[in-house]
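Examination of the molecular architecture
Each chain is listed here by its residues.
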Amino acid sequence: MGFLTTDWSLIQHARADDSTEARQAMARLFETYWAPVYGFIRRSGYSAADAEDLAQAYFARFYEKRYAGDFRPEAGRFRTFLRASLQHFLANEWDRQRALKRGGAQRILSLDSSSAEERYRLEPAYDLTPEALFEREWAAALLTTCLARLRTEEDKAGRPARFDALKPFLAGDGPSGYPEVAGALGLEEGAVRVAVHRLRKRFGAVLREEIERTVDDPADVDAEIRWLLAVVSGGA
Amino acid sequence: MSEAPPPRAGRCPQCGLALVGPASVEGVCASCLLGLGLSGGEQGDAQDVSAPPGVIHPLGSGVVAPHWAMPVELLRQAARRLRDTGLGLGAAFAVSVVLNNLLEAGGFYAFTHLSLKNVVAAGMTVASLWVAWLAHHRPLAPGQLLKLSLAYEVGVALAISIGDHLEPLVTDVPLANVSWLCVWIVIFPLVVPATPSRTFLASFAAASTWPLAHLVGIAAGNPAAPGWLLLSNSAEAYIAAALALVTALVVRRMQELGSYHLERKIEQGGMGEIWRARHHLLARPVAVKLIRPELLGVKTPSEAAGLVSRFRREAEATAALHSSHTVALHDFGMTPDGVFYYVMDLLDGLDLDTLVRRFGPVPPERAVHLLVQACESLADAHAAGLIHRDVKPANLVTCRWGLKYDFVKVLDFGLVKATWSLGEDERLTSDGTIAGTPAYMAPEVALGGRPLDARVDLYGLGCVAYWLLTGERVFTGATPMEVVLNHVKATPIPPSKRGGRPLPEALEGLVLSCLAKEPKDRPPSAAWLGERLAECRTEEAWTPARAREWWDRNVAGDLLPRGAAGAKPRHPRVGDRL
């Protein structure tokens, strides 16, 4: 068990007292990982409207610590906990009317369900299990969040166009060459290479930060990345 | 850096992953993005992320061979010759300074630009001695030294040409100015062999110093030579450059090793290097591993002979193995220069260490599929009385074999016994301390003092299974010794808890039983283990279709580098000095 340095460890240990910090941490995580929860419910056979309500209800209950008893610290990671407790929620405890009343009446989180539905529709329709879809959506949500953070940082630094031009280079040499991008940005090629190098380093750091939020022990970050590698390569 | 084959449409140009579904986020490859987050030494360096599986060869360390690759012996010889040439020419230039001044002082010859000649010759003396020093002490990587040597070739050529043009040219006989330049251009590729293309470029540049130096001569006050003379003299130099290319091509053919022609270096590792080669008569592509004897701790000829005889015994034993999951050893031996080599199947695949590092832990059904095949290989070897003793993810390769996908091959059978104490990961020094990361060391190996049996391989296989299922080593520690102590005493965390996902009970039980501290508590044999693993019920099956889908999705094209059209070395790293 790690020290209370991650969002997930804060939440795990916030059962007794309803600390503001823990609530904020919880909200951060839910907003980031809304899409995988939504996708899981959709793939479990619910309509878009129901899935939205159910996801909201699930988060609401979680938020109110109704699920505190389900905490399994030994699971170690928010991802595995979330998936298991979501399964539990859908299988045993779902009372649609109650949830509608709760979730429908009182929006406690501002969540963008239209983009989650859009992503869900983009997934191929073949027989992915809800669990497999959850993992995929999780990886996508994580990476999207990291890219969004990087974009915000670049915007704040007054370089919004630069980020969009350099983004394709994050994964390696981009589809167009460095000279073309340098020309488009009005920079030297060397400056573009340096900027890409810094952007990659920064992305790696942001990715680790975001994953650290979801694991109990920061030492688990590498293992979590490897697991996500398996997910995106279709081997998980 | 433009040698790479064009990426297939819809695939990441860097790692080859098909950019569909979760593999792409905002049009960027998700796998490469995730790789940016891995901590140092794995894919943490942004440069490393771009390594496609296309250049990973299972037989080596994962270090990509640089494109100037030439056989190590040729490079070492080249360094020695460059040193001798630098010393010889340095002395010659120095003597020329003395001699020219004596001739002038004695009134035997009147130089038109003696002081300028002195400056050029003195400069070349210093440069030659510097090159000799670099070639002798080898502070540069082989590729850099090769580049330097070619620059030196051009520099010497320039000095010779300027020297010639500081005196008035003989204009009444067409070939009277046949210069040392031509001799230099032709013989240099013999002294320092380089790739034909580089040799041609350097020779062409060297030949071009002749017309260039003519301009220097004019600037120094000499009359301009007639056009026909300049043309004929320059033609001589360029003909010499063409001859140099022929020389380089002949030298290139020296990349022969017994019955094999070395085609292209695949990898450069700490222990040696791996080459893609072809048998002369059968034209069969093979992998040749060259091991420098000093890295095996061999110091004297008798030790070398002893090691060769050990290799021979092991090779004979290996030849008795029949499992298709054991990599075939075709040949082995020692070159006249004392470099050990062995010749194996050339595999189109990934070792299991790389597999998990790049693609994360595998689903239980795939782990079972891979492990059952490894068990078959081990059972066959154990029946023949051989123990592998170095079962680890890096020694198991999953590959495409004919029409089969995810076909496992166990490497280095029979050879590990000879090199056991000299491996890169589990190196034990003579005083018993551990000098590596003994991540897969069975307790009885660490404790020593009792004969090892086949169950040591089952412990290793348990560690491999753990790695496949969790992406983690069974034990970690701040120091190698801590890892060893953990293997001896600590109880492993069950893989399902470590990996955070449920696993079939039977599978987890078998993995943990392989990791038992006492050999008697482990499965009785590899054959038994293979049968029990095959009986494990998993939620899904790892079918040939799934295996093929995985390979098609994740591995673009052929993993085997094919000559110049093979995957490019994007971030050359030099493992060895010359």
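Residues numbered from 1 in each chain as written. Chains lettered and ligands numbered in written order. Predicted model: local features only at pLDDT ≥ 70, side-chain atom pairs only at ≥ 80, totals over all residues. Heavy atoms only, no water.

**Side note on the overall build of chain A**
- Secondary structure summary: chain A contains 12 helices and zero strands in total.
- Put simply, chain A runs from its N terminus to its C terminus through helices and strands in the order α-α-α-α-α-α-α-α-α-α-α-α.
- Partitioning the contacts of chain A with sequence separation of at least 6, the portion at a separation of at least 24 is 67%.
- Surface summary for chain A: the accessible area is close to 10,200 Å², and the carbon and sulfur share equals 49%. (Helix = DSSP H or I, 4+ residues; strand = E, 2+ residues; numbered from the N terminus. Contact = heavy atoms within 4.5 Å. Areas by Shrake-Rupley, 256 points an atom, 1.4 Å probe, with all protein chains shown as cover.)

**Structural notes on helix H10 (residues 178-185) of chain A**
All names here are of chain A.
- When we look at burial in H10, the residues that qualify are Tyr178, Val181 and Ala182. Down the axis of H10, the smallest arc covering the buried residues is 100°, so these residues share one side. Opposite the buried face of H10, at more than 90 degrees from it, the exposed residues are Gly183 and Ala184.
- Directly after H10, the chain includes glycine 186, whose backbone phi takes a positive value near 70°. (Buried < 20%, exposed > 50% of the residue type's maximum accessible area, 1.4 Å probe, protein only. Arc of directions from axis to C-beta.)

**A closer look at the pattern of salt bridges**
- Across all of its chains, the model carries 31 salt bridges over all chains by this definition.
- Among the salt bridges present, the one from B:Glu531 reaches B:Arg532, with a minimum N-O distance of 3.6 Å.
- B:Arg532 sits in the partly exposed class, given a relative accessible area of 23%.
- Residues B:Glu540 and B:Arg546 are paired through a salt bridge, measuring 3.8 Å at the closest nitrogen-oxygen approach.
- The class of B:Glu540 is partly exposed, set by a relative accessible area of 43%.
- Each of A:Arg79, A:Arg83, A:Glu135 and A:Glu224 takes part in salt bridges that share partners, so that together they form one network. (Salt bridge = Lys/Arg side-chain N within 4 Å of Asp/Glu carboxyl O.)

**A closer look at the sheet that holds strand S10 (residues 396-401) of chain B**
Residue and element names in this part refer to chain B.
- If you walk across this open sheet you meet the three strands as S9-S10-S11, and the pairing is antiparallel. With one partner strand each, in any of the chains shown, strand S9 (349-351) and strand S11 (404-410) form the two edges of the open sheet. Neighbouring strand axes in the sheet, compared pairwise and without regard to direction, differ in orientation by 25° on average.
- Examined bridge by bridge, S9 and S10 share three bridges and lie antiparallel to one another. Bridge pairing in S10 links aspartate 351 to valine 397.
- Sitting on the sheet, helix H11 (residues 364-383) is in contact with S10 and S11, with an inclination near 45° to S11. (Pairing = 2+ DSSP bridges. Axes fitted to C-alpha atoms, helices over the stretch in contact; angles between N-to-C directions.)

**Remarks on the packing of H11(B) against helix H14 (residues 455-470) of chain B**
Residues and elements named next belong to chain B.
- Where H11 meets H14, the axes come as close as 10 Å, and the angle between the chain directions of the two elements is 165°. Of the possible angle classes, the one that applies to H11 and H14 is roughly antiparallel. With respect to the hand of their crossing, H11 and H14 are arranged in right-handed fashion. The segment H11 lies against H14, with Pro364, Ala367, Leu370, Leu371, Ala374, Cys375, Leu378 and His382 engaging Asp457, Leu461, Val464, Ala465, Leu468 and Leu469.
- Tallied by class, residues from the contact of H11 with H14 come to 12 nonpolar, one polar and one charged. (Parallel < 35°, antiparallel > 145°, perpendicular 65-115°, else oblique. Left-handed = near helix turned anticlockwise from the far one by under 90°. Nonpolar A, V, L, I, M, F, W, Y, C, P; charged D, E, K, R; others polar.)

**Comments concerning the nonpolar core**
- Core analysis: the largest hydrophobic core is formed by 67 residues, its most contacted members being A:Val37, A:Phe78, A:Phe203, A:Leu207 and B:Leu34.
- Sorting elements by how many residues they give to this core places helix H8 (residues 130-156) of chain A first, with 10 residues.
- Apart from residues no more than four positions distant in its own chain, A:Phe78 is found in contact with A:Trp8, A:Leu29, A:Phe30, A:Tyr33, A:Phe62, A:Trp138 and A:Thr214.
- If you look at the next biggest cluster of nonpolar residues, it comprises 52 residues, including B:Leu378, B:Leu396, B:Met441 and B:Cys514. (Core = buried A, V, L, I, M, F, W, Y, C linked by side-chain atoms within 4.5 Å.)

**Comments concerning the confidence of the model for chain A**
Residue and element names in this part refer to chain A.
- Residues at a pLDDT of 70 or more form 68% of chain A, whose mean pLDDT is 74.
- When pLDDT is averaged over each helix and strand of chain A, the minimum, 47, is found for helix H6 (residues 96-105) and the maximum, 88, for helix H11 (residues 189-212).
- Per-residue pLDDT stays below 50 along residues 99-110; that stretch engages in 21 contacts with residues further than four places along the chain or on separate chains. (pLDDT = per-residue confidence, 0-100.)

**Topic: the interface of chain B and chain A**
- At the junction of the two partners, chain B supplies 42 residues and chain A supplies 36 residues.
- Summing both sides of the interface, chain B and chain A together bury roughly 3,500 Å²; the carbon and sulfur share of this comes to 59%.
- A salt bridge links A:Lys167 to B:Glu26; the shortest N-O distance between them is 2.9 Å.
- In this structure, the connection of chain B to chain A is made through five residue pairs in polar contact (both at pLDDT 80 or more).
- At the level of secondary structure, the elements contributing two or more residues to the side of chain B that touches chain A comprise strand S2 (28-29), helix H1 (30-35), helix H2 (46-49), helix H10 (352-359), helix H16 (495-499) and helix H19 (544-554) of chain B.
- Among the elements that line the side of chain B that touches chain A, the one with the most residues is H1(B), at five residues.
- Grouping the constituent residues of the side of chain B that touches chain A by class yields 22 nonpolar, 12 polar and eight charged. (Buried area = accessible area lost by both parts, 1.4 Å probe. Polar contact = N/O pair within 3.5 Å; in protein donor to acceptor, adjacent residues only side chain to side chain.)

**Quick word on the packing of aromatic side chains**
- Going through the model one piece at a time under the given rule, you end up with 14 aromatic pairs over all chains.
- With a centroid separation of 6.1 Å and 90° between ring planes, the pair formed by A:Phe40 and A:Phe134 is classed as edge-to-face. Of the two residues, A:Phe40 is situated in helix H3 (residues 34-43) and A:Phe134 in helix H8; the sequence distance between them amounts to 94 residues.
- Counting every residue linked through ring pairs, the aromatic cluster contains A:Tyr33, A:Phe40, A:Phe78, A:Phe134 and A:Trp138.
- A cation sits over an aromatic face here: B:Arg366 above B:Trp550, 4.0 Å from the ring centre.
- We note B:Lys409 situated over the ring of B:Trp401; from NZ or CZ to the ring centre the distance is 3.8 Å. (Phe/Tyr/Trp six-rings, centres within 6.5 Å; stacked < 30°, edge-to-face > 60°. Lys NZ or Arg CZ within 6 Å of the ring centre and 35° of its normal.)

**Regarding a nonpolar patch on the surface**
All names here are of chain B.
- The grouping of Val95, Val98, Leu99, Leu102, Leu103, Phe108 and Tyr109 at the surface amounts to a nonpolar patch, some 710 Å² of accessible area in total.
- On the secondary structure map, leucine 102 appears in helix H3 (residues 72-105).
- Residue class for leucine 102 comes out exposed when judged on its relative accessible area of 54%. (Patch = residues over 30% accessible without salt bridge, like charges linked within 9 Å, V, L, I, M, F, W, Y side chains within 5 Å.)

**What about the packing of H11(A) against helix H12 (residues 221-232) of chain A?**
Residues and elements named next belong to chain A.
- Two elements in contact, H11 and H12, have axes whose closest approach is 10 Å; the angle formed by their N-to-C orientations is 100°. Considering their axes alone, H11 and H12 lie roughly perpendicular with respect to each other. Contacts from Leu207, Arg208, Ile211 and Glu212 in H11 reach Val221, Asp222, Glu224, Ile225 and Leu228 in H12.
- Looking at the contact of H11 with H12 residue by residue, the classes come out as five nonpolar, no polar and four charged.

**Focus: the pairing of strand S6 (residues 285-291) of chain B**
All names here are of chain B.
- Counting buried positions over the seven residues of S6 gives six, a clear majority of the element.
- As defined by bridge partners, S6 adjoins strand S8 (residues 340-345) across six bridges and the pair is classed as antiparallel. For valine 286, the partnering residue across the bridge sits in S8 and is aspartate 345.

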